Amino acid sequence: MTARTSLTDAWPLFGLRLRTERLVLRLPTEDELAPLLALAREGIHPPDEMPFGVAWSTLSSPEFERGFMQHHWSVRGSWSPEHWFLNLMVEFDGAPIGSQSVDAQGFAIHRTVSTGSWLGRKFQGRGFGKEMRAAVLGFAFDGLGAHVAESSAFLDNHASNTVSRRLGYEENGFGSLAPQGVARVTQNFRMTADAWRSRPRPPLAIEGLDACREMFGA
C-alpha cells in the first residue's frame, strides 16, 4: 500500500495552532480563504480612512479579490527560513474574524520579527486586536526565541497604537508610508524579549511548532 501524505505532512505550517482564551490563530487552507476574503470585503475601516501601508482594502472588484488571494499564495510560495511571512487566520467561535501576521528576514541572525493585522469591523472594539497580537508575540518570544518585535502604525490609527502601548512596546521613532500617493507619518514601536517577560501575560497554547520549527530558521 502507498502511504498517504496529508496536507500537514506536506506543509507542516498547516498544523500550527496558537490558542488564546477566546481565539485560535492558524494558517487558512485554500477552502478557508474564501470566507476570510468575504469578511475583508464586508469592510475593515471607514471609507475615508486608510490604516494600511498598502491600500489593498479599497480596491474594486475583481482586483480586490484577486489581490487578496495572490497575497496569501505569494507569502506561502516565497517562504524560506531566511525570509518568511506567516499570515494567520483568526477564529472566534469557529468562524474567521480577521488576520494576524508575523514575519521576519534573517531570523536566525537578527531574531527580530514584525507584525501586522486586520479585523472585520463588526469584531472591532472587543479586545480581539490586543489578544491576537499578544498571541503572535508569545509565539515569537516564547516559541521561536525572538529577541525583538517591531510594529508601526499611522499616527491617526489609534486602535493599533493603543494595542502596542498596552502590550508594553516602547516608541521607537517615526517613519513614513504613502499608501495613496501622499506621505504620512508612522509611529514605530519596539518590544524586547525582556520587556515581554517583565509583566504577566495571558495563557497561550502553541501546538504543532516542533514539526515546522526549522522552517522559521529557529
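Model, not experiment: these values are computed from the prediction.

Draft legend 1. Highlighting the packing of helix H2 (residues 30–42) against helix H3 (residues 63–77). Interaxial distance between H2 and H3 falls to 10 Å at its minimum, and their mutual angle equals 135°. What the angle tells us is that H2 and H3 run oblique. Note that H2 runs across H3; the crossing there is right-handed. Of the residues in H3, those in contact with Glu30, Leu33, Leu36, Leu37, Ala40 and Arg41 of H2 are Phe64, Glu65, Phe68, Met69, His72, Trp73 and Arg76. Among the residues forming the contact of H2 with H3, the class breakdown is 8 nonpolar, 1 polar and 4 charged.

Draft legend 2. Expanded view of the pairing of strand S8 (residues 184–192). Judged from the 7 bridges that link them, strand S6 (residues 148–154) and S8 form a sheet pairing that is antiparallel. Bridge pairing in S8 links serine 151 to phenylalanine 189. Between strand S7 (residues 170–177) and S8, which pair antiparallel and follow one another directly, the connecting turn spans 6 residues, one of which, glycine 181, has a positive phi of 85°.

Draft legend 3. Here's a closer look at the layout of surface pockets. Here the second largest pocket is characterised by a volume of approximately 310 Å³. Every residue lining the second largest pocket is counted, 18 residues in all, and those nearest its centre are Glu131, Ala134, Arg201, Pro202 and Pro203. Among the secondary structure elements, those contributing two or more residues to the lining of the second largest pocket are helix H5 (128–144) and helix H6 (158–167). In terms of residue count, H5 provides more of the lining of the second largest pocket than any other element does, 6 residues in total. Looking at side-chain class alone, the lining of the second largest pocket contains 8 nonpolar, 3 polar and 7 charged residues.

Draft legend 4. Highlighting empty space enclosed by the protein. Enumeration over the complete set of coordinates arrives at 1 cavity of 30 Å³ or more. Roughly 30 Å³ of internal volume is contained in the largest cavity. Contributing to the lining of the largest cavity are Trp11, Leu13, Leu27, Val75, Arg76, Trp79, Phe85, Leu86 and Asn87. For the lining of the largest cavity, the secondary structure elements donating two or more residues are H3 and strand S3 (83–92). In terms of residue count, the dominant contributor to the lining of the largest cavity is S3 (3 residues). A per-class count over the lining of the largest cavity returns 7 nonpolar, 1 polar and 1 charged.

So, how was this worked out
Residues numbered from 1 in each chain as written. Predicted model: local features only at pLDDT ≥ 70, side-chain atom pairs only at ≥ 80, totals over all residues. Heavy atoms only, no water. Axes fitted to C-alpha atoms, helices over the stretch in contact; angles between N-to-C directions. Helix = DSSP H or I, 4+ residues; strand = E, 2+ residues; numbered from the N terminus. Parallel < 35°, antiparallel > 145°, perpendicular 65-115°, else oblique. Left-handed = near helix turned anticlockwise from the far one by under 90°. Contact = heavy atoms within 4.5 Å. Nonpolar A, V, L, I, M, F, W, Y, C, P; charged D, E, K, R; others polar. Pairing = 2+ DSSP bridges. 1 Å grid on protein atoms, 1.4 Å probe; cavity = no way out; pocket = protein on both sides within 12 Å on 5 of 7 lines; lining within 4 Å. Points joined across faces, edges and corners; volume = space filled by probe spheres on them.

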